[in-house]
Amino acid sequence: MRFSFSWSTRHQQVIFKQRFNFSSNFNNLNRSLNAHIKPFSLPSSQRSFSKTSSFNNIDLQILKERLCEVVGPPNISTAESTRLQHGKDESHHRAQIPDIVVFPSNTQEVSEVAKVCTDMKVTMVPFGTGTGMEGGCVCTHGGVSVDLSRMAEIREYQQADFSVCVEPGVTRLALNEYLRGDGLWFPVDPGADASLCGMAATSASGTNAVRYGTMRENVRNLEVVLSDGTIIHTAGQGRHTVKSSAGYNLTNLFVGSEGTLGFITSATLKLYGIPDTMTSAVCQFDEVERAVTAVLHVLQCGVAVARIEFHGSEKQTEEDASVVGDIFADAGASGFQWASSLSERNRLWKARHDTLYAILATRPGPQITQLSTDVCVPISQLTKAITDTEKDLEDHKLPGYILGHVGDGNYHVTFLYDTGSETETQLVGKLSERIVERALELNGTCTGEHGTGFGKKKYLVREAGPDSVSLMKQIKHLLDPHGLMNPGKVLP
Ligand SMILES: Cc1cc2c(cc1C)N(C[C@H](O)[C@H](O)[C@H](O)COP(=O)(O)OP(=O)(O)OC[C@H]1O[C@@H](n3cnc4c(N)ncnc43)[C@H](O)[C@@H]1O)c1[nH]c(=O)[nH]c(=O)c1N2
Ligand SMILES: CC(C)CC(=O)C(=O)O
Ligand SMILES: [Mn+2]
């Protein structure tokens, strides 16, 4: 079996594409992209949805009136189309829609919305841009979806401190557009143009994690509205220091909390200078094992990780490119395509970020949906994890596309399956379970970046241990005693 991979020294990432009915060559990948399925195009498997509300009409009317007093009539909706859009994300999880969607304009309004919901014991689900991969926005109990996208201010930009504070409506691309003229950027880049506060909520990462880390390492402070309406600043109001040892790290308690502990109404982020020179490359390997091994050699060969990413001066970039190119060639790579110009690099990385849509385009159909696993293992175990996974896919003759952030030990298997077929649905469930089991056996995690949501909570005790999970439950109870914040997610 032949595999191809694309790799960028800038991003230290490898994409593996399995050659079932999927093109193994990069041009074909780009062609598939023309059949791009846009976010928010709901697979028909999700067009049906569960009605979860426990309201009677009178209570619902009272709730609507009280929320309307807080946000004003243009910022509240009970239209089915709006509710449907807010009861799902980009994952395979079935839509469950809210009774009401509200669009607060500022932190005070979020706080008042939380007070009304707590008073009426109604569930609240934060909504960012709905690009999540674990069903985080699904409204298991109906209730209120709180869409934060209309809070879209860049509040404090401290250029000299490499720091910026953004509201939930600011997406990663919008922020980078804003910063570009000053030679700064925020590098954490999930494929989707997600909201930065949503990225904090899921502890997202992306292609740049080897060099810059994940959201955990890049959030300095958060403004959070708790379920009872209390507004806190996790590191203290206005603070944006590079480091702090003061008190418990509340910032990292909320990073990755997936809307179960409170609403993130602003995030203060660390910024970086845009490097002078960047080089990207694409090449192919005949065997996935060789590709993984080559990446491991690059990481282990003594070249500092920052330089492996090919950031730096033109000369340094050339030297690093040559070292890495040699290692890859020795491992059997062929067909190198180098890209140094901005437009060519953008083309390559756009294709990488849109891989999910290219995969979806290979099997169109009214009931076809995708399920993407997201395990992460210690780098030393990556070859074993991937080769065993490959064998599983071959044994079961199931189209599964392996792609990954190989420098982090994090890889995805994207399955396309027919939700109308019991056999396919069960097989995908079984194989994705095996992938997680294997990762846990190798001391890995069930989710490197997509979050726990619905799908991974069953693995949490095994991964974190019963006492840790019990402590998590106590923290949840302390912050959300009535269990109103995004119920049914994260904790088993
Ligand atoms: C094509 C493609 C490619 C990728 C990805 C998606 C897609 C469609 N993702 C997944 C996704 O983009 C990522 O999880 C984002 O962080 C989700 O941000 P949203 O704003 O869309 O959150 P979304 O609205 O989907 O919500 C996600 C969760 O966070 C909560 N939440 C959102 N905003 C909140 C707020 N302000 N306060 C509190 N809770 C909030 C929600 O309640 C929910 O539980 C990803 N991810 C990744 O890490 N790496 C990757 O490589 C990719 N790649
Ligand atoms: C569905 C996933 C494959 C999206 C993702 O995390 C990625 O493209 O890296
Ligand atoms: Mn990913």
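Remember, predicted model here, so these are calculated numbers, not experimental data. (Residues numbered from 1 in each chain as written. Chains lettered and ligands numbered in written order. Predicted model: local features only at pLDDT ≥ 70, side-chain atom pairs only at ≥ 80, totals over all residues. Heavy atoms only, no water.)

Enquirer: Please clarify how the overall build of the protein chain should be interpreted in this entry.
Expert: Scanning the protein chain from N- to C-terminus turns up 18 helices and 18 strands. For the protein chain, the residues scored as buried account for 56% of the 492 residues in total. Residue pairs in contact within the protein chain that sit at least 24 positions apart in sequence constitute 73% of those at least 6 positions apart. (Helix = DSSP H or I, 4+ residues; strand = E, 2+ residues; numbered from the N terminus. Buried < 20%, exposed > 50% of the residue type's maximum accessible area, 1.4 Å probe, protein only. Contact = heavy atoms within 4.5 Å.)

Enquirer: So what exactly am I meant to see when it comes to the domain arrangement of the protein chain here?
Expert: Interfaces are frequently sized by the accessible area removed from exposure as the parts join. You can read the domains of the protein chain as domain 1 (57-149), domain 2 (157-273), domain 3 (277-341) and domain 4 (362-453). With seven residues of domain 3 in contact, the opposing surface of domain 4 contributes eight residues. Of the roughly 630 Å² buried between domain 3 and domain 4 on both sides combined, carbon and sulfur atoms contribute 83%. For domain 3, the biggest contributors to the area lost against domain 4 are Val288, Val292 and Leu296; these three give 63% of the whole. At the surface where domain 3 touches domain 4, the tally comes to zero salt bridges. Of the residues in the side of domain 3 that touches domain 4, the class split is five nonpolar, one polar and one charged. (Domains from an automatic or database assignment. Buried area = accessible area lost by both parts, 1.4 Å probe. Salt bridge = Lys/Arg side-chain N within 4 Å of Asp/Glu carboxyl O. Nonpolar A, V, L, I, M, F, W, Y, C, P; charged D, E, K, R; others polar.)

Enquirer: Mind showing me how you'd approach the coordination of the manganese ion (ligand 3) here?
Expert: Taken together, His405 (NE2), His412 (NE2) and Glu449 (OE) make up the protein donors of the manganese ion (ligand 3), found 1.9 to 2.2 Å from the metal. Between the six donor atoms coordinating the manganese ion (ligand 3), the angles at the centre fall across 74 to 170°, so the site counts as octahedral. In the primary sequence, the donor residues of the manganese ion (ligand 3) line up as H-x6-H-x36-E. His412 matches His405 in its accessibility class, with the two residues each being buried. (Donors = N, O, S within 2.8 Å, 3.2 Å for Na, K, Ca; no water. Tetrahedral: all angles 85-135°; square planar, octahedral: opposite > 155°, others 65-115°.)

Enquirer: So what exactly am I meant to see when it comes to the sheet that holds strand E12 (residues 263-270) here?
Expert: Strands sit in the order E7-E8-E12-E10-E11 across an open sheet of five strands; the sheet is antiparallel. On the outer flanks of this sheet lie strand E7 (154-158) and strand E11 (231-233), each paired with one strand and no other. For this sheet the average axis-to-axis angle between neighbouring strands, irrespective of direction, equals 10°. Direction of pairing for strand E10 (residues 219-225) relative to E12: antiparallel, over a ladder of six bridges. Bridge pairing in E12 links Leu222 to Ala267. Here helix H4 (residues 107-120) sits on the sheet and contacts E7, E10, E11 and E12; the angle it forms with E10, its principal contact strand, is near 50°. On the sheet, helix H5 (residues 172-179) packs against E7, strand E8 (163-166) and E12 and is oriented at approximately 45° with respect to E7. (Pairing = 2+ DSSP bridges. Axes fitted to C-alpha atoms, helices over the stretch in contact; angles between N-to-C directions.)

Enquirer: Would you explain H4 in this entry?
Expert: The periodicity of an α-helix, 3.6 residues per turn, causes residues three or four places apart in sequence to face the same way. Helix length check: H4, at 14 residues, gives a terminal C-alpha distance of 20 Å against a target of 20 Å (1.5 Å per residue), a fit within 8%. The backbone nitrogen of Gln108 lies 3.2 Å from a side-chain oxygen of the residue at the head of H4, namely Asn106. Positive backbone phi, at 55°, marks Lys121, one or two positions downstream of H4. (Expected span 1.5 Å × (residues − 1). Polar contact = N/O pair within 3.5 Å; in protein donor to acceptor, adjacent residues only side chain to side chain.)

Enquirer: I tried to follow the packing of helix H2 (residues 57-71) against H4 on my own but got confused; where do I start?
Expert: The description of two packed helices rests on the angle between their axes and on the distance between the axes. At a minimum axis distance of 9 Å, the contact between H2 and H4 shows a crossing angle of 160°. Classified by the angle their axes make, H2 and H4 are roughly antiparallel. Remark: the crossing between H2 and H4 carries right-handed chirality. Across the interface between the two elements, Asp59, Ile62, Leu63, Arg66, Leu67, Val70 and Val71 of H2 pack against Glu109, Glu112, Val113, Val116, Asp119 and Met120 of H4. (Parallel < 35°, antiparallel > 145°, perpendicular 65-115°, else oblique. Left-handed = near helix turned anticlockwise from the far one by under 90°.)

Enquirer: Help me understand the site of ligand 2, please; the structure alone is not making it clear to me.
Expert: Taken together, Met133, Arg352, Leu356, Ser372, Leu403, His405, His412, Thr414, Glu449 and His450 make up the full set of residues near ligand 2. The contact in question runs from an oxygen atom of ligand 2 to an N or O atom on the side chain of Arg352, over 2.8 Å. His405 is positioned with one of its side-chain polar atoms (N or O) 3.1 Å from an oxygen atom of ligand 2. When the free accessible area of ligand 2 is taken as 280 Å², the share hidden by the protein chains comes to 90%. Secondary-structure elements contributing two or more residues to the shell around ligand 2 are strand E17 (400-405) and strand E18 (410-418). The class makeup of the residues in the shell around ligand 2 is three nonpolar, five polar and two charged. (Near = heavy atom within 4 Å. Areas by Shrake-Rupley, 256 points an atom, 1.4 Å probe, with all protein chains shown as cover.)

Enquirer: Any chance you could explain the UniProt feature "domain: FAD-binding PCMH-type" (unreviewed entry) in the protein chain here in plain terms?
Expert: Mapped onto this structure's residue numbering, the UniProt feature "domain: FAD-binding PCMH-type" (unreviewed entry) falls at residues 94-274. Summarising residues 94-274: 23% helix, 23% strand, and an end-to-end C-alpha distance of 40 Å. (UniProt positions renumbered as here; feature names shortened; annotations may be inferred.)

Enquirer: Could you clarify how one ought to interpret the packing of aromatic side chains in this entry?
Expert: For the structure shown, the criterion picks out three aromatic pairs. When the ring of Trp185 is compared with that of Tyr212, the centres are 5.5 Å apart and the planes differ by 90°; the resulting orientation is edge-to-face. Remark: Tyr212 occurs in helix H7 (residues 209-212) and Trp185 occurs in strand E9 (residues 184-185); sequence separation between them is 27 residues. The residues Trp185 and Tyr212 share a single accessibility class, namely buried. Both rings, one in Tyr212 and one in Tyr272, keep their centres 4.7 Å apart while their planes meet at 75°; by these two values the pair is edge-to-face. With a gap of 60 residues between them, Tyr212 in helix H7 and Tyr272 in strand E13 (residues 272-273) connect regions that are remote in the sequence. For Tyr272, a relative accessible area of 17% puts it in the buried group. Members of the aromatic cluster, joined through ring pairs, are Trp185, Tyr212 and Tyr272. In this arrangement the basic side chain of Arg211 is found over the ring face of Tyr212, its NZ or CZ atom lying 4.8 Å from the centre. (Phe/Tyr/Trp six-rings, centres within 6.5 Å; stacked < 30°, edge-to-face > 60°. Lys NZ or Arg CZ within 6 Å of the ring centre and 35° of its normal.)

Enquirer: Whenever I open this one, the pairing of E8 confuses me. Can you help?
Expert: Looking along a regular strand, one sees the side chains alternate between the two faces of the sheet. The side-chain alternation of E8 yields two buried faces, one formed by Ser163 and Cys165 and the other by Val164 and Val166. Looking at chain direction, E7 and E8 are connected through four bridges and run antiparallel. Residue pairing for E8: Ile154 is matched across the bridge by Val166. Count of turn residues in the E7/E8 antiparallel hairpin: four residues, of which Phe162 carries a positive phi of about 50°. Pairing of E8 with E12, which is carried by four bridges, proceeds in the antiparallel orientation. Across the sheet, Val164 pairs through a bridge with Leu269, a residue of E12.

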